Amino acid sequence: MIQPGQTYRSLKPSDKGWRIRIVEVGATMARAVDASNGRPLLNPVMLHSLHATATTRDGKPRRTGYVLETP
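Presented here is a report on the structure given in the accompanying data block. All values derive from a computational prediction rather than experimental measurement.

### Overview of the overall build of the protein chain
Helices and strands together make up the secondary structure of the protein chain, namely zero helices and six strands. Put simply, the protein chain runs from its N terminus to its C terminus through helices and strands in the order β-β-β-β-β-β. Its C-alpha atoms give the protein chain a radius of gyration of 11 Å, near enough to 11 Å, the size a compact globule of 71 residues would have. A total of 71 residues make up the protein chain; the buried ones form 28% of that total.

Following this line, the structure appears as C-alpha cells:
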C-alpha cells in the first residue's frame, strides 16, 4: 500500500537512482518531493508507476517507474 513518507528510487537508468518521497496519495496519483532536498515535483506521480519490487511478475527487471526503498 502506498503511503505518505515512503521513499522510492527511479528505475530509469538515465535517472541514476533519483529518489522521491511521497507526501500525499490520491485515488490515481501521488504528490511527491525530491527526497534529497524536499523540493516539490512539478507533476504528480501516477500510482501505477510506483512498485514494491524492482522486478516484474515474470522476474524481469523493471525499466520504468519507481521502486520502494522504505517499507
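### Observations concerning the sheet that holds strand S6 (residues 66–68)
The six strands are arranged S4-S3-S2-S1-S6-S5 in an open sheet whose pairing can be described as mixed. Because the sheet does not close on itself, it has two edges, and the strands there are strand S4 (45–46) and strand S5 (50–51). When S5 meets S6, the two strands line up parallel, connected through two bridges. Paired with Leu50 across the two strands is Tyr66, which belongs to S6.

### A look at the environment of Ala32
Residue placement: Ala32 occurs in strand S3 (residues 29–34). Residues Ala32 and Gly65, 33 residues apart in the sequence, show an inter-C-alpha distance of 13 Å. Setting aside residues up to four positions removed in sequence, Ala32 forms contacts with Ile20, Arg21, Ile22, Val23, Pro40, Leu41 and Val45.

### A few points about the nonpolar core
Tyr8, Ile20, Ile22, Ala30, Ala32, Val45, Leu47, Leu50 and Tyr66 form the largest nonpolar core, which has nine residues in total. Only strand S2 (19–25) and S3 provide two or more residues apiece to this core. If near-sequence neighbours (up to four positions away) are discounted, Tyr66 is found in contact with Tyr8, Arg9, Ser10, Leu11, Trp18, Ile20, Val45, Ser49, Leu50 and His51.

Reading the values: the criteria
- Residues numbered from 1 in each chain as written.
- Predicted model: local features only at pLDDT ≥ 70, side-chain atom pairs only at ≥ 80, totals over all residues.
- Heavy atoms only, no water.
- Helix = DSSP H or I, 4+ residues; strand = E, 2+ residues; numbered from the N terminus.
- Rg over C-alpha atoms; globule rule 2.2 N^0.38 Å.
- Buried < 20%, exposed > 50% of the residue type's maximum accessible area, 1.4 Å probe, protein only.
- Pairing = 2+ DSSP bridges.
- Contact = heavy atoms within 4.5 Å.
- Core = buried A, V, L, I, M, F, W, Y, C linked by side-chain atoms within 4.5 Å.

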